[in-house]
Structure formats: C-alpha cells, structure tokens
Amino acid sequence: MPLLDVPTIYVLMLSVMVLLGALTLFAWLQNRAVRALAWWGGAVLVMAVALGLLCLRGAIPDACSVDLAYLVLFTACALMLEGARCFEGRRASPVLLLAGAVVWIAACQVPALYESATARMIIVSLAVGLYSLGCAFVLWRGRAEPLLSRWPLIVLTALGGGLFLLRIPLAVAHPLAEAPITSFDALRSFWFAVVSSFTLLYFIAINYLFLALTKERSELAYKRASMTDALTGLANRRAFMEFAEQRLNARASGTVAFLLFDLDRFKSINDGHGHAMGDRVLRLFAHTLSANLPRGSIAGRIGGEEFAAIVTGPDQKATLAAAEHVRESFAVVAGVVDGVPVAATVSVGLAHADSGPARIETLCERADKALYTAKALGRNRVECAVDGFVPLVPDAAADLLLPASGQIQRATKQAAA
C-alpha cells in the first residue's frame, strides 16, 4: 500500500481550497472596503474548480479535463494577480484578466500545440509562472508600507513562479510521453501525490499570509488614525511628543530646535468668517508648515490653533530662517482664502538644544515663553529663547504674558532706575 493515498490527498486538497476561498470571501463580507479579499477568495475557489477538473483527467472528456480546466486555471491565476493589484490600490486590468485565457484558446486552435503534451506543459508553466511572478512584483513595489507579512508572501509567490518557469527547460530537455494519461494511472503516480501535497501546503500558506497582510494593514491604519490629527493630517499632540522625544534622544550630536506656532487672533477668524473658514485656515497652515520645514523635520498639531515642529541638523541661523520662511509664506497664502480677505498670520517661538542632555518638556517650555514674547511684541513674528531666558518685553501689556520670573526681573530693573 502506498505511503501517500493520492485520491485522499486530492479530496483533501480540493476541500481545503474550497474552505479557504469561502473563509476569505466571508472575511471580505465583514469588511467590504478591502476588495482585494473578494478577488483573492474568488481566485482560490476558481482554482479549486480547475484542479478538480484536472484530477478527473481520463474520467471525463478532454474538453473538460484539459481545455476547460486550463482555461479556468489561467483565470484563477489572473484573479490572484488582480487581488494583489487591488491590494496595492491599482484598478483591475481587463488585459491581465483575459491574457492567459486568450493565449490558451489560441493554442488550442493549433493542432501541433494542442496535441503535444510538452507544448501544453510549456504554455501552462509559462502562464502560471508569469502570473505568480507578477503577484510577487506587485507586492514588492508596495514594500514601502511596513507590513511584516508582505515579505514571506513575496518570497512564496516568487518561488512558485520560478518553479513553474523551471519546468519549461526541463520539459524541453525531457519531453513528456504523448500517450494519454488515464485517471487510474494518475492516481497511482507517487509524484502526482507529492505535487498535490505541495500545492495544498502552498495555497494554505499564501492564503494565510494574504489574510494576515490585510489584517496588518487595518491595524496600521487604526494606529495611524490614533496618532494623526483628523483635520490637518499632521501628528496629534501625543504622537508628536513621542516622536519629538525619540528624535531628541536619538541624536548623536548637533542642534535640535523646538518650534511652537500659534495662529494670531484665530478666534476672530472663526467669529467673523465661520468655523468652516477657520478649518480651511488650519489646513492651509498645516500644508505651509509641512512644505517649508527642512527635510526630516517632524510637525504636529498640539492644540486648537497651536502647532509644533522639531528640527534637527541645521544650525540656529538656518532654523531661524526656516521659521521665518514658514511665517512669511503663511502670511502670503492666508491673506485671501477662497476669495475672502482673512489676513491670517502666525507667531513663532523657538528654542534650541545643543549636543548636551535635554528634555523635550524643557524645550517646549522655553519655546512657549518665546512664543508669548512674540505675541506681546505685536504678533506675526519669530522670537528665539536665548540661554533659557526670554528677552524682556518693553511695553506694559507684556506683564500679562511674561512668566513670574520675568515680571520680577522687570520690577527690579524699574526700581533700580
């Protein structure tokens, strides 16, 4: 008695593939936004039909076990490729969907090709191999997205495609027998059992990885949403402070600058032009901030009309120039918004930390004091904290804005005069 009961393996293989396809479609029904699951689940079910027809070779007419079977097989491979493309945000391609089927139909019209087992093997291997490598390539192109399951899925689909293409030179070097293979002969073949077992494990693995891939993307989207300000698309306060702390701790040397931005008289914009205009101004500033900060900077919205950024690398003069550029650019683009004269401006407070130890809370406090100074000096300006202290504000209104230490220093100076 053979170690591998081939008919049992066939039944098990087809049953498992039908179950995998059904579970994948069920996962899609739970979250129809992930349309790639529908493509992939349909592909697995169609693949099960193709393999079922191939297993019945000799028991049913060749028109079904050969012509129709390979036509369905190529369609299943095309659906898998479209599933990968859909996952990466690409539109369905009728050419890719129909290419394999059209090639097979054309080959069936040529007697020399259709009647040659070797020629059929080459056509099938080429089509399935290219479709599998296409899946691997599409997934590889999206590698910038940090999804752990992407890499083993790329390896498996590329490996499967490579093995099918490897069959081409082997078929040329060792042509297949032209005698028809009956169902009984196939079921007695040890190598058919091995191939069937490998096919079963292969589809279980790639289907699991594809489901894991979609799950990881959903989790990543939820994580990003929890760390992103919904209105502006920048990091929210919690995420920004975490990123800023990491950036501060990771620096080996050089300067780190903490910038605080506060839109001037923002309440009057909301009161005078409506909250919709206020939201438009906030988004406009977020875009201006992202576009004008040095490369590698981190920006976030930390309050209603308050934003922050952390910049590493440039010296103090370069950072101050970048802050001025943000202020000037915003004054230009926010002068008139959607045909409405808004004249929005921003005040900026800036604090630097050199290569020595520093805490993000300390930098934030220093930048906050500098921001209050910018407000007291007339707004629409950049003020830089120097040596941990903020320059004294000359007008009396600044007493309401300076911290207690600044008020004491000013009182002492006035008394001495």
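As shown above, the structure is provided for reference.
From a predicted model like this one, the values you see are computed outputs, not experimental measurements.

1. As for the sheet that holds strand S1 (residues 256-263)
- The sheet built from five strands is open, its strands ordered S2-S3-S1-S6-S7 with mixed pairing. The strands lining the two open edges of the sheet, one partner per strand, are strand S2 (298-301) and strand S7 (382-384). Ignoring strand direction, the axes of neighbouring strands in this sheet form an average angle of 15 degrees.
- Contacting S1, strand S6 (346-353) and S7, helix H13 (residues 316-333) crosses the sheet at an angle of about 165 degrees to S6.

2. Notes on the side chain of Arg-327
- For Arg-327, the location among the structural elements is in helix H13.
- For Arg-327, a relative accessible area of 14% corresponds to the buried category.
- Ignoring sequence-local partners within four residues, the contact set of Arg-327 consists of Val-346, Asn-380, Arg-381 and Val-382.

3. Describing helix H11 (residues 266-273)
- Buried residues of H11: Phe-266, Ile-269 and Asn-270, and no others. Burial along H11 is one-sided: seen end-on, the buried residues are contained in an arc of 95 degrees. Across from the buried face of H11, at angles greater than 90 degrees, the exposed residues are Lys-267, Asp-271 and Gly-272.
- Where H11 is buried, its residues contact S1 and helix H12 (275-292).
- Of the residues one or two after H11, Gly-274 is the one with positive phi, at around 95 degrees.

4. Quick look at the environment of Thr-199
- With respect to the helices, strands and loops of the structure, Thr-199 is situated in helix H9 (residues 190-226).
- Judged by relative accessible area, Thr-199 falls into the buried class, the value being 16%.
- With 39 residues separating them in the primary sequence, Thr-199 and Gly-160 have C-alpha atoms 9.5 Å apart.
- The contact partners of Thr-199, leaving out residues within four places of it in the chain, are Met-13 and Leu-51.

5. Focus on unusual backbone geometry
- Phi at Ala-343 takes a positive value of approximately 55 degrees, unusual for a residue other than glycine.
- In this fold, Ala-343 is placed in the loop between strand S5 (340-341) and S6.
- Even without being glycine, Asn-380 reaches a positive phi, approximately 55 degrees.
- Structurally, Asn-380 is set in the loop between helix H14 (360-376) and S7.
- The partly exposed category is assigned to Asn-380, whose relative accessible area is 28%.

6. Quick notes on the nonpolar core
- Grouped together as the largest cluster of nonpolar side chains are 52 residues, with contacts concentrated most on Met-17, Met-47, Leu-73, Phe-74 and Met-80.
- With 14 residues, the top contributor of residues to this core is helix H3 (residues 62-87).
- Residues contacting Leu-73, with those up to four places away along its chain left out, are Met-47, Ala-50, Val-124 and Val-128.
- In this structure, Ala-257, Phe-266, Ala-286 and Val-337 belong to the second largest nonpolar core, which totals 30 residues.

7. Describing the pattern of salt bridges
- Under the definition given, this model contains 16 salt bridges.
- The salt bridge partner of Glu-242 is Arg-238, with a shortest N-O separation of 3.3 Å. A residue pair is termed a helical-turn pair when its members lie 3 or 4 positions apart in one helix, as Glu-242 and Arg-238 do in helix H10 (residues 237-250) at four residues.
- Note on Glu-242: relative accessible area 33%, which makes it partly exposed.
- For Arg-238, a relative accessible area of 44% gives the class partly exposed.
- Ionic pairing is found between Asp-338 and Arg-280, a salt bridge with its closest N-O pair at 3.7 Å. In this pair, Asp-338 is assigned in the loop between strand S4 (336-337) and S5 and Arg-280 in helix H12, connecting sequence segments 58 residues apart.

Reading the values: rules and limits
- Residues numbered from 1 in each chain as written.
- Predicted model: local features only at pLDDT ≥ 70, side-chain atom pairs only at ≥ 80, totals over all residues.
- Heavy atoms only, no water.
- Pairing = 2+ DSSP bridges.
- Helix = DSSP H or I, 4+ residues; strand = E, 2+ residues; numbered from the N terminus.
- Axes fitted to C-alpha atoms, helices over the stretch in contact; angles between N-to-C directions.
- Contact = heavy atoms within 4.5 Å.
- Buried < 20%, exposed > 50% of the residue type's maximum accessible area, 1.4 Å probe, protein only.
- Arc of directions from axis to C-beta.
- Core = buried A, V, L, I, M, F, W, Y, C linked by side-chain atoms within 4.5 Å.
- Salt bridge = Lys/Arg side-chain N within 4 Å of Asp/Glu carboxyl O.

Shape descriptors only; they carry no functional weight alone.
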